Amino acid sequence: MVQQIMSKQSFKEANEEASFSKCVYNESSSETPTSNTKLMKIILALSLTSIVISLASMVCVLTLAKLECHGQNQEVVPEDTATFAPKAKALRIVTRNEWLAQPPRERLDDLKLPVNKVIISHTTTEECKTQSACLYRVRSIQGQHIGAENYGDIGYNFLIGGDGNVYEGRGWLKEGTFVRGQNTKSIGITFIGDYRHEAPSQAQMETMDALLKSGIKSGHLTQDYRLYGSCQFMQTESPGRLLYVELKKHSHWSDAQWEKRA
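This section reports on the structure supplied with the text.

1. A few points about the overall build of the protein
Right, so step 1: Looking only at helices and strands, the protein has 4 helices and 6 strands in total.
Right, so step 2: The secondary structure elements of the protein, listed N-terminal to C-terminal, are α-β-β-α-β-β-β-α-β-α.
Right, so step 3: In the protein, buried positions account for 34% of the 262 residues.
Right, so step 4: Sequence-distant contacts, at least 24 apart, represent 73% of the contacts inside the protein between residues at least 6 apart.
Right, so step 5: As presented, the protein carries roughly 17100 Å² of accessible surface, and 56% of it is formed by carbon and sulfur atoms.

2. Some details on the sheet that holds strand 3 (residues 158-160)
Right, so step 1: In space, the 6 strands of this open sheet follow the order 1-4-3-5-2-6, with mixed pairing throughout. Each edge of the open sheet carries a strand with a single partner, namely strand 1 (93-94) and strand 6 (221-229).
Right, so step 2: Strand direction decides the pairing type here: strand 2 (residues 115-122) and strand 6, joined by 5 bridges, are parallel. Residue pairing across strands places lysine 117 opposite arginine 226, the latter belonging to strand 6.
Right, so step 3: Across the face of the sheet, helix 3 (residues 202-217) comes into contact with strand 1, strand 2, strand 3, strand 4 (166-168), strand 5 (187-191) and strand 6 while running at roughly 145° to strand 6.

3. Topic: the side chain of glutamate 175
Right, so step 1: With respect to the helices and strands, the residue glutamate 175 is situated in the loop between strand 4 and strand 5.
Right, so step 2: For the buried glutamate 175, which has no salt bridge, the nearest side chain bearing the opposite charge is arginine 170, at an N-O separation of 6.8 Å.

The rules behind the values
- Residues numbered from 1 in each chain as written.
- Predicted model: local features only at pLDDT ≥ 70, side-chain atom pairs only at ≥ 80, totals over all residues.
- Heavy atoms only, no water.
- Helix = DSSP H or I, 4+ residues; strand = E, 2+ residues; numbered from the N terminus.
- Buried < 20%, exposed > 50% of the residue type's maximum accessible area, 1.4 Å probe, protein only.
- Contact = heavy atoms within 4.5 Å.
- Areas by Shrake-Rupley, 256 points an atom, 1.4 Å probe, with all protein chains shown as cover.
- Pairing = 2+ DSSP bridges.
- Axes fitted to C-alpha atoms, helices over the stretch in contact; angles between N-to-C directions.
- Lys, Arg positive; Asp, Glu negative; His and termini not counted.
- Salt bridge = Lys/Arg side-chain N within 4 Å of Asp/Glu carboxyl O.

What follows is the structure, given as structure tokens:
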């Protein structure tokens, strides 16, 4: 009997020990899935982060490429372009030294400055469109004035070529020889060419205007100077009908007619 009780008790203890061992085993085995789950979550999070970074990089690259392409195709326009006024033509005066002028044959009288008259004429010669052609034409005119006309020098104060340049004749300081009775109190400017049948170019008219503004600024012309054509003082077709029409548009133009001399 005692042996049976001891056997039962030993069996019970054995079962309890087995159950305890089983319980410990189950707890040990339950920790492994938990660790694996955490590891999987970390890997998944890193993968998602990598994907997000990759997508963001692709978006940036595409955006930059689009902007660069747009910039290449877009025309560059200066700011406030509409407010820019065309630049005035720069005044270019070809000096006597540059066109190889002969020295005056005699002493030239000084002008009493400032003068209040500007008289425009034309040379009735062939026109010139390039500087080399105009240089030749101006030298030819001086030779004719000194030789055939017996002037002391080229007669005009300034000449305007078809190339848009001004050619210095006697300049601002000396009396010219272009209209009898007016030489001592006016500046004589001539346009190289014949303007009875051909109109002056816009460049020539702008050059004349720039020269006259320069004369005011330098004190050689009065602020209220008046502009005339040679035909208002003498019997001549100069400065030519088509040039005369353009001159009459000038703000300093005067329609006054003077006693005409032959």
